[in-house]
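Examining the three-dimensional arrangement
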Amino acid sequence: MANQTFSPPDAPVPDGIVPAEVVARTEKRWIVVMTTMLLVMMAVIVVTGIMGATHPSSNVEVVDPTTLHLGGEFVESNLGTAAEPDGSVTVRLIAQQYEFIPHCVTVPAGMPVKFRLTSADVVHGFMLPDTNVNTMVVPGFVAEVRTRFANEGEYTMPCHEFCGLGHHAMWAHVRVVQRERFANSTAIKRVNCE
Ligand code: CUA
């Protein structure tokens, strides 16, 4: 012991007492860790805030709400359910006071389903209860939501953004049918549930 050179902070201390230098070093590390966490959390808040502000719906795609019926993706003949080459399904809908067009769409169970919606007039909402589908439908933007229906059934989709006097009556339906039935029927591949 005698030949060791101790600086005062390194001097042996009674059991249970941590040398001041160790305390300082540990505290410094914790300050670095906590500052890093704080910066990461602040970055998450700022980034999600900016993303939320610039992405009014699930993605940013603009579309002219005044010419939807004249051409492009949301022309009437292109609405409803469309089977994609990869086996997935895309459903295109227009929301307008006070209806969804089409009123009812048929989709297969157990396959990826992509909903693409836009509004022809004011802000509407689109929600399928008990699924992850819940978005605003904002005029001028395309809202896109992806989901997968586990079971057959009938879903009602209410508009959940107040859009005027007829808001409470703005409903549409999604009919989920067996995959085979969907594949076998060309009649139900697009608009309607008939
Ligand atoms: Cu459309 Cu409320």
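Sequence order as written defines the numbering, with residues in each chain counted from 1. Only residues with pLDDT of at least 70 get local features here, since the model is predicted, and only at 80 or more are side-chain atom pairs given and counted; chain-wide, interface and lining totals rely on the full set of residues. The side-chain quantities take in all heavy atoms of the structure and omit both hydrogens and water.

1. Digging into the pattern of salt bridges
Salt bridge, as applied in this entry: a Lys or Arg side-chain nitrogen positioned within 4 Å of an Asp or Glu carboxyl oxygen. A complete count under the given rule lists six salt bridges for this structure. With its nearest N and O atoms 2.6 Å apart, the salt bridge here joins Glu73 to Arg92. Highlighted residues: Glu73 in the loop between α1 (20-54) and β1 (80-83) and Arg92 in strand β2 (residues 89-96), separated in sequence by 19 residues. The class for Glu73 is partly exposed, based on a relative accessible area of 26%. Across the salt bridge formed by Arg116 and Glu144, the nearest N and O atoms sit 2.5 Å from each other. Separated by 28 residues along the polypeptide, Arg116 in strand β5 (residues 112-119) and Glu144 in strand β8 (residues 143-148) bring together distant segments of the chain. The burial state of Arg116 is the same as that of Glu144; both residues are buried. Where salt bridges share partners, they join Glu61, Glu73, Arg92, Arg116, Glu144 and Arg146 into one cluster. Numbering of helices and strands starts at the N terminus; helices are DSSP runs of H or I of at least 4 residues and strands are runs of E of at least 2. Partly exposed describes any residue whose relative accessible area lies between the buried limit of under 20% and the exposed limit of over 50%, with all areas from a 1.4 Å probe on protein chains only and scaled to the type maximum.

Read these as layout, nothing more, since geometry by itself doesn't imply function.
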